[in-house]
Amino acid sequence: MSLEKITCITGQAIHVPGDDIDTDRIIPARFMKCVTFDGLGEYLFYDVRHDGEGNRTDHALNDPCFSNASIMLSGMNFGCGSSREHAPQSLYRAGFRAIIAGNFAEIFFGNSINLGMPCVTVKESDRMKLADMIENDPQHEVKIDLMNSLILIGEARLAFDIREGARESLINGKWDPIDELLSNGANIENVASLLSYS
Amino acid sequence: MEKLNLFQKVWRNHTVGTLENGQTQLFVGRHLIHEVTSPQAFGMLKEKGLPVRYPERTFATVDHIVPTDEISEPYSDPLADAMIKELRRNCEETGITFFDVSSGMQGIVHVVGPEQGLTQPGMTIACGDSHTSTHGAFGAIAFGVGTSQVRDLLATQTLALSPLKVRRIEVNGSLPPGVYAKDVILHIIRKLGVNGGTGFAYEYAGEVFDNFSMEERMTACNMSIEGGARVGYVNPDTKTFEYLHGRPYCPEGSDWDTAINTWESLASDVGCDYDDIVFLNASEISPTVTWGINPAQAISVEENIPDPSQLFGSEASSATEALEYMKLQAGSPVKGTPIDVAFIGSCTNGRLSDLEEVATRLNGHKVREGVKAIVVPGSQIVSQLAEQKGLDSIFKSAGFEWRRAGCSMCLAMNPDKLLGDQLCASSSNRNFKGRQGSPTGRTMLMSPLMVAAAAISGEIADSREIFPS
Ligand code: SF4
């Protein structure tokens, strides 16, 4: 099965400010009682999007101006906490196709790349610039160009970082490793047989 | 001969090859699964028409969603009921060993693995759960993975991974009385930060770790991920071997002697290279409590709650956010903060030694009126051993509820939840907003004995004052 080559993500962006946004915040644990990931998008950031009575708060994700957002901008250490793929899955299923942040927790980063959802890192001054631009004009189109490692918005060209191996696997349509892993069956057997334990 | 650290040796032994994107294809010798992160992976496997490649290398248990006050099925929560049945069915269909509730061996996956002797030195161990780092206490390279990777493991027993750097953290000197492994790891996280470990495996060493029991090593390794390190380990030694000897899944007879030789050879070589080394002094560590919403926001019980106006940059803004959420007063002593709930349990501190340490100090003390105090053993075996020693009656007569094994209020995916903005003194590992089941619930992390001190006082207290030795 060949995967889509992810070279460029274009869309509306939304700013969800804050550092250390953890996986429990992205999707509270009580919504993880499921045997498939379908429908998880609905509960994305549920506890900050709703008050104690279940009414919608004025969180950016509730703002109809941003209802088509497919790119999320956030702060440092995004996705820290658990290894549960429910967090990137809920973002993906809520329509997000890329995340821009100060940096990412490692497991979250890996899980997101495996879904074909790039996570790119930009320096603080550029994050602030991006945040200003999208808050002032939600209709701004944001383009994440993975071929040239640039974010394009209006006239601005902002450089981003992403682990080179991850970038390559996205642009070459190899972001899901399963087929390559399966193709090395003989070597797998070999390593297994040499181990001191079974 | 080239001098290597344990991480490098184990990584080398399990390398299948290099993938096109430069990552390593790594063989994973033990795969542990539970009900929350595996059903979707089995679903993906079915979609692709792939079988489970090495079912004998995967072991399952159920921990997050099990109620701790009822065991009969169907569970009152239909979603939880569906999850346990799905796991049971997946294991039956694929031939994976399942430590089910009826087995007497069920419990939190990170308690069950070591207890059964499934966790051994020199292994690679993965589980769809970030606290898999716990198993590193045995000198294994153990880490949490996402559900797509659980699928990769079921299908190929391998993963696409990039190697980690290794930071040795040496804690030397002796710990003051009343200071536990939990305080040591909270101290390490406070010093190095919640993402200080990104890209690293932590190798814990020094006199403190040498002297720690296996259960104490597990407590520390458990929280590596809270410091951003996906892997945390301690080199195997005689304590490791003594703990494992005679456990169900360990080698026996002459195989045992061979295994010890292999295990010893895997420990980091004297004089090997590290990417970083950090030295910490044990005498500086005190009973520690968290006051904020990440585990690095921790202070000694004798300190005052930090004042954001005295902090800088993102530390100041996150402290402001934390104090607002925690409803705590900047600059006031953390001691004396009233609590509503006390929770002893979790994969950090739900083992027999944790329960014993508290029970032996409880005599004559009573849980303060108005405080809900619960003890949740980490596994059915912990629970059974504790009951044989009469710990359950000690806890009960002091006013604690004695529950059945599971994750319980650590993550509150079962019915054990905080209500409203209740504040919980908790022996678990995460104090994130909403972690214990109520969107406004508040968590303060500490050692089990500090939880007990808080339960008795009705407020955050210094365990050394409540239980003078
Ligand atoms: S006890 Fe808590 S941290 Fe440990 S596995 Fe269960 S939910 Fe996760």
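Residues numbered from 1 in each chain as written. Chains lettered and ligands numbered in written order. Predicted model: local features only at pLDDT ≥ 70, side-chain atom pairs only at ≥ 80, totals over all residues. Heavy atoms only, no water.

Student: Whenever I open this one, the overall build of chain A confuses me. Can you help?
Tutor: Within chain A, the regular secondary structure consists of 8 helices and 7 strands. Over its C-alpha trace chain A gives a radius of gyration of 18 Å, about what one expects of a compact globule, namely 16 Å for 198 residues. If one aligns the C-alpha atoms of chain A with their principal axes, the spans along those axes are about 60 × 45 × 30 Å. Counting over 198 residues, chain A shows a buried share of 58%. Looking at chain A alone, contacts between residues at least 24 apart form 68% of all its contacts between residues at least 6 apart. When the accessible surface of chain A is summed, it comes to about 8300 Å², and 47% of that surface belongs to carbon and sulfur atoms. (Helix = DSSP H or I, 4+ residues; strand = E, 2+ residues; numbered from the N terminus. Rg over C-alpha atoms; globule rule 2.2 N^0.38 Å. Buried < 20%, exposed > 50% of the residue type's maximum accessible area, 1.4 Å probe, protein only. Contact = heavy atoms within 4.5 Å. Areas by Shrake-Rupley, 256 points an atom, 1.4 Å probe, with all protein chains shown as cover.)

Student: Would you mind showing me how to read the site of the ligand here?
Tutor: All names here are of chain B. H64, I108, H110, D129, H131, S346, C347, C407, C410, L411, N429 and R435 make up every residue found near the ligand. Per-class residue counts for the shell around the ligand are 5 nonpolar, 5 polar and 2 charged. Residue contributions to the shell around the ligand reach at least three from each of two domains, namely domain 1 (6-161) and domain 3 (290-466). (Near = heavy atom within 4 Å. Nonpolar A, V, L, I, M, F, W, Y, C, P; charged D, E, K, R; others polar. Domains from an automatic or database assignment.)

Student: Help me out: how do you make sense of the domain arrangement of chain B in this one?
Tutor: All names here are of chain B. By the assigned domains, chain B splits into domain 1 (6-161), domain 2 (165-236 + 261-284) and domain 3 (290-466). On the side of domain 2, 24 residues touch domain 1, which itself brings 24 residues to the contact. Summing both partners gives a buried area of about 2000 Å² for domain 1 against domain 2, and 62% of it is carried by carbon and sulfur. For the domain 1 face of the interface with domain 2, the top three residues by lost area are L6, K9 and A137, together amounting to 29%. (Buried area = accessible area lost by both parts, 1.4 Å probe.)

Student: How should the side chain of Q23 of chain B be read in this particular structure?
Tutor: Checked against the element boundaries, Q23 of chain B lands in the loop between β1 (15-18) and β2 (24-27). Side-chain polar atoms of Q23 of chain B contact the side chain of S162 of chain B, separated by 3.2 Å. Excluding its chain neighbours within four sequence positions, the residues that come into contact with Q23 of chain B are R163 of chain A together with G17, T18, A160, L161 and S162 of chain B. (Polar contact = N/O pair within 3.5 Å; in protein donor to acceptor, adjacent residues only side chain to side chain.)

Student: Could you clarify how one ought to interpret the packing of helix α6 (residues 181-192) of chain B against helix α8 (residues 214-222) of chain B in this entry?
Tutor: What describes two packed helices is the angle between their axes and the distance between those same axes. Residues and elements named next belong to chain B. Running from N to C, α6 and α8 cross one another at 25 degrees; their axes reach a closest spacing of 8 Å. Overall, the two elements α6 and α8 adopt an arrangement that is roughly parallel. Of the two possible hands of crossing, α6 and α8 adopt the one that is right-handed. Across the interface between the two elements, A181, K182 and I185 from α6 touch E216, T219 and A220 from α8. Residues belonging to the contact of α6 with α8 are distributed by class as follows: 3 nonpolar, 1 polar and 2 charged. (Axes fitted to C-alpha atoms, helices over the stretch in contact; angles between N-to-C directions. Parallel < 35°, antiparallel > 145°, perpendicular 65-115°, else oblique. Left-handed = near helix turned anticlockwise from the far one by under 90°.)

Student: Mind showing me how you'd approach the sheet that holds strand β8 (residues 158-161) of chain B here?
Tutor: The strands making up a sheet are joined through hydrogen bonds of the backbone, oriented either antiparallel or parallel. Residue and element names in this part refer to chain B. Sheet architecture is open: 3 strands sit in the order β1-β2-β8, paired in antiparallel fashion. The open sheet has two free edges, formed respectively by β1 and β8, since each of these has just one partner strand. Neighbour-to-neighbour, the strand axes of the sheet open up by a mean angle of 25 degrees, direction not taken into account. Sheet topology places β1 next to β2; 3 bridges connect them, and they run antiparallel. Pairing of T15 across the sheet is with L26, part of β2. (Pairing = 2+ DSSP bridges.)

Student: Mind showing me how you'd approach the interface of chain B and chain A here?
Tutor: By convention, interface size is frequently given as the accessible area that disappears when the constituent parts associate. Counting from both sides, the interface comprises 67 residues of chain B and, opposite them, 52 residues of chain A. Regarding the contact of chain B and chain A, the summed buried area is about 4900 Å², with carbon and sulfur atoms giving 55% of it. At the junction of chain B with chain A, the criterion picks out 7 salt bridges. Between the two partners, chain B and chain A, sit 24 residue pairs in polar contact (both at pLDDT 80 or more). Looking at the side of chain B that touches chain A, the elements with two or more residues in it are β1, β2, α2 (39-48), α3 (78-94), α5 (147-156), β8 and α11 (313-326) of chain B. When its residues are assigned to classes, the side of chain B that touches chain A shows 25 nonpolar, 27 polar and 15 charged. (Salt bridge = Lys/Arg side-chain N within 4 Å of Asp/Glu carboxyl O.)

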